[in-house]
Amino acid sequence: AAALPVAVAAGRGSAMWPLPALPLLINLLGSLAGFAATVTLIPAFREHFVAARLCGADLNKASRQPVPESQGVISGAVFLIILFCFIPVPFLSCFVEEQCKAFPHHEFVALIGSLLAICCMIFLGFADDVLNLRWRHKLLLPTMASLPLLMVYFTNFGNTTIVVPKPFRMLLGMHLDLGILYYVYMGMLAVFCTNAINILAGINGLEAGQSLVIAASIITFNIIELNGDYRDDHTFSLYFMIPFFFTTLGLLYHNWYPSRVFVGDTFCYFAGMTFAVVGILGHFSKTMLLFFIPQVLNFLYSLPQLLHIIPCPRHRLPRFNHETGKLEMSYSRFKPKSLSPLGASILKMSERLRITDVHRGVDKDGEYVECSNMTLINLVIKLIGPTPERTLTILLLMIQVGGSIVAFSIRYQLVRLFYDI
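Nothing here was measured: the structure is a model prediction, and the numbers come from that model.

**Student:** I'm lost on the sheet that holds strand 9 (residues 366–372) in this one. Help?
**Tutor:** Each strand in a sheet pairs with another by means of backbone hydrogen bonds, the pair being arranged parallel or else antiparallel. Within the open sheet, the three strands sit side by side as 7-9-8. Their pairing is antiparallel. Two strands bound the open sheet, and with one partner strand each, they are strand 7 (331–334) and strand 8 (358–363). Strand-to-strand twist in this sheet, taken as the mean axis angle between neighbours without regard to direction, amounts to 20°. Bridge count for strand 7 against strand 9 is four bridges, and the pairing is antiparallel. The residue bridging Phe334 from the neighbouring strand is Val369, located in strand 9. Contacts from helix 15 (residues 341–352) reach strand 7, strand 8 and strand 9 within the one sheet, and its direction differs from that of strand 8 by about 120°.

Structure follows, in structure tokens:
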């Protein structure tokens with residue numbers, strides 16, 4: 001049989017396989033095994049989580065049977081095992097061939113540093129599930145977990161110069177060195193990715209479903225770009241995205257309506273950091289953010305409540321109507337006098353734009369205002385009316401798919417208006 005051709009690859013991947021077919025095939029086979037392991041392990045550990053009181057009732061169901069929580073720790077553990085076993089594979093040319101002139105330490109450090117950041121995020125996410133941390137801690141944890149990632153970028157690349165979009169070149173020039181601001185941007189990207197999935201949640205299958213669509217979009221983008229100038233970057237991304245896709249698929253199998261498990265903050269943090277890792281070290285962070293269009297819209301819509309300009313309850317998930325079996329909008333109730341002038345203005349504007357549902361009344365405690373919680377889930381319910389939970393999840397995932405279609409259109413068509421390609 002003919003020997004597999006191995007040559008010195010151009011650019012960063014100096015000692016990695018020039019044609020990544022074999023490593024990707026091994027990665028895919030390991031990922032399929034990870035899917036089977038995730039599907040098997042989640043029900044096997046059900047009673048362990050219930051016994052440890054890591055369970056809760058599904059508020060959107062009439063039944064109050066305990067449902068195991070934090071199951072993202074299982075899919076995350078399977079993901080890590082797959083990639084730990086995969087670590088030597090991209091560098092097989094240095095073990096089995098004589099053509100390897102030098103071991104590619106930069107690629108090895110990037111792989112290990114990425115796994116460290118993801119591992120830290122899984123641990124911190126599980127700590128959040130167990131300790132029920134406050135929102136300010138939810139912002140701090142991803143920042144801490146992103147430090148290994150930022151150090152890898154600093155030691156391996158260190159490039160903080162960006163290409164300025166065409167409309168701003170007369171003012172800023174062709175290139176602009178952001179310096180430390182670029183590292184601030186990458187740190188904020190990690191914080192956004194982890195929390196953006198976390199705040200678009202609350203119904204069966206939504207967290208895992210949206211992550212699955214984003215992962216599929218990134219995989220599609222990586223495959224398209226494999227024949228381009230940055231093949232090694234997209235190969236690196238596929239090493240992470242393929243196992244993530246299949247372990248998340250296994251988790252979604254149990255989390256789909258009617259959910260037998262909850263994914264927990266562990267999964268949201270794990271998913272967000274995985275996306276941040278491939279976006280930053282794969283050098284396509286702007287494109288990756290395009291796949292987060294629904295999450296960005298939800299974040300902007302939620303901002304008045306997240307900043308407590310308008311009162312925000314701890315849980316903003318939809319309200320279950322026991323008589324109809326459908327989900328309805330949930331509301332935040334507060335006194336009109338508790339609003340600042342800015343809050344009153346935002347509430348009035350959103351009411352005029354018909355993007356929130358506002359009720360005013362008087363009870364024994366005086367005047368009150370009820371405002372529908374500002375989430376994309378509530379907005380969809382406002383537009384289409386009370387909806388069964390399964391139907392609502394499908395609609396939101398269709399919005400996610402639509403967002404990815406728009407993202408690809410921007411990336412390959414509208415981008416010509418801003419950059420020379």
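From this point on, the discussion continues.
**Student:** Where do I start with the packing of helix 16 (residues 376–384) against helix 17 (residues 389–412) in this structure?
**Tutor:** Axis angle and axis distance: for two packed helices, these are the angle between their axes and the distance between the axes, and together they describe the pair. At a closest axis distance of 11 Å, the pairing of helix 16 and helix 17 adopts a crossing angle of 110°. Our classification of the angle between helix 16 and helix 17 gives roughly perpendicular. Contacts between helix 16 and helix 17 involve Leu376, Ile377, Val380, Ile381 and Ile384 from the former and Leu392, Leu395, Leu396 and Ile399 from the latter. When the residues that make up the contact of helix 16 with helix 17 are grouped by side-chain class, the tally is nine nonpolar, no polar and no charged.

**Student:** Explain the pattern of salt bridges here, please?
**Tutor:** A side chain of one charge can pair with a side chain of the opposite charge when the charged atoms of the two come close. Considering all chains together, one arrives at nine salt bridges under this definition. Notably, a salt bridge pairs Arg231 with Asp232, separated by 3.7 Å at the nearest N-O pair. A residue is classified by how much of its surface remains accessible, and Arg231, at 23% relative accessible area, is partly exposed. On the basis of relative accessibility, which here comes to 14%, the residue Asp232 falls in the buried class. A salt bridge links Arg333 to Glu370, with the shortest nitrogen-to-oxygen separation between them at 3.7 Å. Pair noted here: Arg333 is in strand 7 and Glu370 is in strand 9, with a separation of 37 residues, a long-range link. Judged by its relative accessible area of 45%, Arg333 is partly exposed.

**Student:** Looking at this model, I keep getting lost on the side chain of Ser211. Mind explaining?
**Tutor:** Along the chain, Ser211 turns up in helix 10 (residues 206–225). Ignoring sequence-local partners within four residues, the contact set of Ser211 consists of Ile197, Phe244, Phe267, Ala271 and Phe275.

**Student:** In this structure, what is going on with helix 15? I would like to understand it.
**Tutor:** Since the α-helix advances by 3.6 residues per turn, residues separated by three or four positions end up pointing in the same direction. Compared with an ideal rise of 1.5 Å per residue, which puts 12 residues at 16 Å, helix 15 spans 17 Å between its outermost C-alpha atoms and is within 8% of the ideal. The set of residues buried in helix 15 consists of Gly343, Leu347 and Ser350. Within helix 15, the buried residues cover an arc of 70° as seen down the axis, which keeps them to one side. When the buried face of helix 15 is taken as reference, the exposed residues oriented beyond 90 degrees from it are Pro341, Met349 and Arg352. For helix 15, the secondary structure elements touched by its buried residues are strand 7, strand 8 and strand 9. Following helix 15 by one or two positions, Arg354 adopts a phi angle in the positive range, close to 60°.

**Student:** I'm lost on the state of the cysteines in this one. Help?
**Tutor:** Disulfides are covalent bonds that link the sulfur atoms of two cysteine residues. This model, assessed by the stated rule, comprises zero disulfides. With no disulfide of its own, Cys85 has Cys119 as its nearest cysteine by sulfur position, at a separation of 14 Å. In this structure Cys268 is not part of a disulfide, and its nearest cysteine sulfur, from Cys193, lies 12 Å away. A residue is classified by how much of its surface remains accessible, and Cys268, at 1% relative accessible area, is buried.

**Student:** In this structure, what is going on with unusual backbone geometry? I would like to understand it.
**Tutor:** For residues other than glycine, phi is negative in most cases, and the peptide bonds are mostly trans. Of note, the bond from Tyr257 into Pro258 is cis; its omega dihedral lies within 30 degrees of zero at -10°. Here Pro258 shows up in the loop between helix 11 (231–255) and helix 12 (264–281). The phi torsion at Arg53 lies on the positive side, around 65°, for a residue other than glycine.

**Student:** Is there a simple way to think about the packing of aromatic side chains in this case?
**Tutor:** The way to describe two aromatic rings as a pair is by their centre distance and the angle between their planes. Across all of its chains, the model carries 22 aromatic pairs by this definition. These aromatic residues form a ring-pair network of at least three members: Phe79, Phe192, Phe244, Phe267, Phe270, Phe275, Phe292 and Phe299. The residue whose ring lies beneath Arg333 is Tyr368, and the NZ or CZ to ring-centre distance is 3.7 Å. Sitting over the face of the ring of Tyr412, Arg411 holds its NZ or CZ atom 5.0 Å from the ring centroid.

**Student:** Even after reading the chapter, I still don't get the packing of helix 3 (residues 72–86) against helix 5 (residues 105–131), so can you show me in this structure?
**Tutor:** Two elements in contact, helix 3 and helix 5, have axes separated by 11 Å at closest approach and are oriented at 160°. As far as their axial angle goes, helix 5 and helix 3 are roughly antiparallel. With respect to the hand of their crossing, helix 3 and helix 5 are arranged in left-handed fashion. For the pair helix 3 and helix 5, contact is made by Val73, Gly76, Phe79, Leu80, Leu83 and Phe84 and by Leu115, Ile118, Cys119, Ile122 and Phe126, respectively. Residue composition of the contact of helix 3 with helix 5, grouped by class: 10 nonpolar, one polar and no charged.

Rules used in this analysis
- Residues numbered from 1 in each chain as written.
- Predicted model: local features only at pLDDT ≥ 70, side-chain atom pairs only at ≥ 80, totals over all residues.
- Heavy atoms only, no water.
- Pairing = 2+ DSSP bridges.
- Helix = DSSP H or I, 4+ residues; strand = E, 2+ residues; numbered from the N terminus.
- Axes fitted to C-alpha atoms, helices over the stretch in contact; angles between N-to-C directions.
- Contact = heavy atoms within 4.5 Å.
- Parallel < 35°, antiparallel > 145°, perpendicular 65-115°, else oblique.
- Nonpolar A, V, L, I, M, F, W, Y, C, P; charged D, E, K, R; others polar.
- Salt bridge = Lys/Arg side-chain N within 4 Å of Asp/Glu carboxyl O.
- Buried < 20%, exposed > 50% of the residue type's maximum accessible area, 1.4 Å probe, protein only.
- Expected span 1.5 Å × (residues − 1).
- Arc of directions from axis to C-beta.
- Disulfide = S-S within 2.5 Å.
- Phe/Tyr/Trp six-rings, centres within 6.5 Å; stacked < 30°, edge-to-face > 60°.
- Lys NZ or Arg CZ within 6 Å of the ring centre and 35° of its normal.
- Left-handed = near helix turned anticlockwise from the far one by under 90°.

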